Amino acid sequence: MTLYQPFLDYAIALLKERLDLSPYPIPEGFEYKEGTMGKGKKQEAVITTSYAFKSPKLRQIRAAHVRGGASLQVLNFVIFPHPAYDLPFFGADLVTLPGGHLIALDMQPLFHDAAYQQKYSEPILPIFKAYQQHLPWGGDFPEEAKPFFSPAFLWTRPQEMEVVQTRVLEAFKDYLQAYLDFVEKAEPVTDSQQREEILEAQRRYIAYRAAKDPARGMFTRLYGSEWTEEYIHGFLFLPDPLANAN
Ligand code: DBV
C-alpha cells in the first residue's frame, strides 16, 4: 500500500523538469527509518523515508513519506523559499489513518494584506473552486493554525480512497504547477525592511509548525522521542531561514 507514492513521484519529476535542482543534505538516520506499529498478528512495519532538494530560489524542498499498511500512509511535502523572495510556502499534508483520509493543500502565505493575496491567492482561486466542489471543507480546524493558510486552502476529508487517487492527486498536481509558475516569476526583494519582514514571517511559520507538528505523537510512538525531536528540528522544520540559503 503506497497511496501517496504517485504524488511523490510526480512532484520529484516535475521539480527536476522545471527547476535547476540540486540535492539538499539529509542528516544521517533520517533518510530511511523503520519501526513497528501494533501488537501480535496486527503488527506492521512502518517505514519513513525522507527526500530533500534545493534550487536557486527555493532553499529547501523536502518530503517525509510514511508507509505503514492500509491504515497508515502519510506524505508531508513542504517547500521553503529562499528568504530573498516573498513567495509563500508550498504545503501539502496528505494523511491516511484508521479513521480516514485528511488532506491539507495550500500555498501558505507570509502576509495577509490585499496586495499579497492578489499576487499569491487570487491566481489560485479558480483551481481551488473547481476542486472544492468535489472536495468539501474538512471541518474542525485548529484556530491558531488559521493565520498560516490562504483563501485557497484545500482542506478536506475524503471518504473514499479512490477520491484521493483521482481528484486529490489532480489538485496536488495543479497546485504544484501553479506554485512553480510563481517561483518562475519571482524577483528578489531588495528593500531591507521588507526582507526583514519576510525573515520574521518565515521564522513564525517554522516555529509554529515545529511546535505543533501533528505527527509528533505518531513519530514518538514509532521511533521514540529523541529521534522524533531531532527529525522535526533537524530536518522537517529547520529553524534558521538563512542557513544554506546561498
Ligand atoms: N504533519 C506535518 C508533518 C507530518 C504530518 C511534518 C511527516 O506537519 C502528518 C508528517 N498531519 C500528520 C499526521 C496527522 C496530521 C493531521 C500524522 C494526524 C494526526 C493525528 O490525528 O494523530 C494540517 N494536519 C493534521 C491536521 C491538520 C493538519 C489541521 C489535523 C490534526 C489537528 O487537528 O491538529 N498542515 C497541518 C497543519 C499545518 C499544516 C496544522 C499548519 C501550518 O501546514
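Please read all numbers here as calculations on a predicted model, not as lab measurements.

Rules used throughout
Residues numbered from 1 in each chain as written. Predicted model: local features only at pLDDT ≥ 70, side-chain atom pairs only at ≥ 80, totals over all residues. Heavy atoms only, no water. Helix = DSSP H or I, 4+ residues; strand = E, 2+ residues; numbered from the N terminus. Buried < 20%, exposed > 50% of the residue type's maximum accessible area, 1.4 Å probe, protein only. Contact = heavy atoms within 4.5 Å. Axes fitted to C-alpha atoms, helices over the stretch in contact; angles between N-to-C directions. Parallel < 35°, antiparallel > 145°, perpendicular 65-115°, else oblique. Left-handed = near helix turned anticlockwise from the far one by under 90°. Polar contact = N/O pair within 3.5 Å; in protein donor to acceptor, adjacent residues only side chain to side chain. pLDDT = per-residue confidence, 0-100. Near = heavy atom within 4 Å. Areas by Shrake-Rupley, 256 points an atom, 1.4 Å probe, with all protein chains shown as cover. Core = buried A, V, L, I, M, F, W, Y, C linked by side-chain atoms within 4.5 Å. Expected span 1.5 Å × (residues − 1). Bend = angle between axes of the 7 residues up to and from the residue.

Before going further, it helps to examine the overall build of the chain. Helices and strands together make up the secondary structure of the chain, namely 7 helices and 8 strands. Taken over the C-alpha atoms alone, the chain extends approximately 60 × 40 × 35 Å along its principal axes. Here the chain, with 246 residues, has 52% of them falling under the buried criterion. For the chain, the share of sequence-separated contacts (at least 6 apart) that also reach a separation of at least 24 residues comes to 64%.

Take the packing of helix α1 (residues 5-18) against helix α4 (residues 161-185) next. Running from amino to carboxyl end, α1 crosses α4 at an angle of 20 degrees, the nearest separation of the two axes being 10 Å. Judged by the angle between their axes, α1 and α4 are roughly parallel. Here α1 and α4 pass one another in a crossing that is right-handed. Of α4, the residues touching α1 (which contributes P6, F7, Y10, A11, L14, L15 and R18) are V164, V168, L169, F172, K173, L176, Q177, L180, D181 and E184.

Checked against the element boundaries, D86 lands in the loop between β5 (73-81) and β6 (89-97). Excluding residues that lie within four positions of it along the chain, D86 makes contacts with L110, Y116, K119, Y120, V189, Q194 and I198.

Right, let's get into the environment of Q108. Here Q108 lies in strand β7 (residues 100-108). Take Q108: its relative accessible area is 3%, and that puts it in the buried class. Those residues in contact with Q108 that sit more than four places away from it in its chain are P88, F89, G91, F148, F149, Y205 and R209. Only 3.2 Å separates the side chain of Q108 from the backbone oxygen of F148, close enough to count as a polar contact.

Scored by pLDDT, the chain comes out at a mean of 96, with 98% of its residues at no less than 70. Here the complex is predicted with pTM 0.97, and the ipTM for its interfaces comes to 0.95.

What follows deals with the site of the ligand. Neighbouring the ligand are 23 residues; N76, D93, Q108, R209 and D213 lie closest to it. Within the side chain of Q108, an N or O atom sits 3.2 Å from an oxygen atom of the ligand. Isolated, the ligand exposes 850 Å² of accessible area, and the fraction of that covered by the protein chains is 82%. If you list the elements that add at least two residues to the shell around the ligand, you get β5, β6, β7, α5 (192-212) and α6 (216-223).

F77, F90 and Y175 are the most contacted members of the largest nonpolar core, which totals 88 residues. Here the element with the most residues in this core is α4; it accounts for 12 residues. The contacts of F90, once residues within four sequence positions are left out, are F77, V78, I79, L105, D106, F172, Y175, L176 and Y179.

To continue, consider α4. Under the 1.5 Å per step criterion, the end-to-end length of α4 is 35 Å for 25 residues, consistent within 8% with the ideal 36 Å. Most pronounced at V168, the bend in α4 amounts to some 30 degrees. Of all the residues in α4, the buried ones are V164, V168, L169, A171, F172, Y175, L176, A178, Y179, L180, F182 and V183.

Glancing now at α5. Look at α5: 30 Å from first C-alpha to last across 21 residues, which is about the 30 Å you get at 1.5 Å a residue. Where α5 is concerned, the buried positions are I198, L199, A201, Q202, Y205, I206, Y208, R209 and A210. Tucked into the core, α5 has its buried residues touching β4 (58-67), β5, β6, β7, α6 and α7 (225-236).

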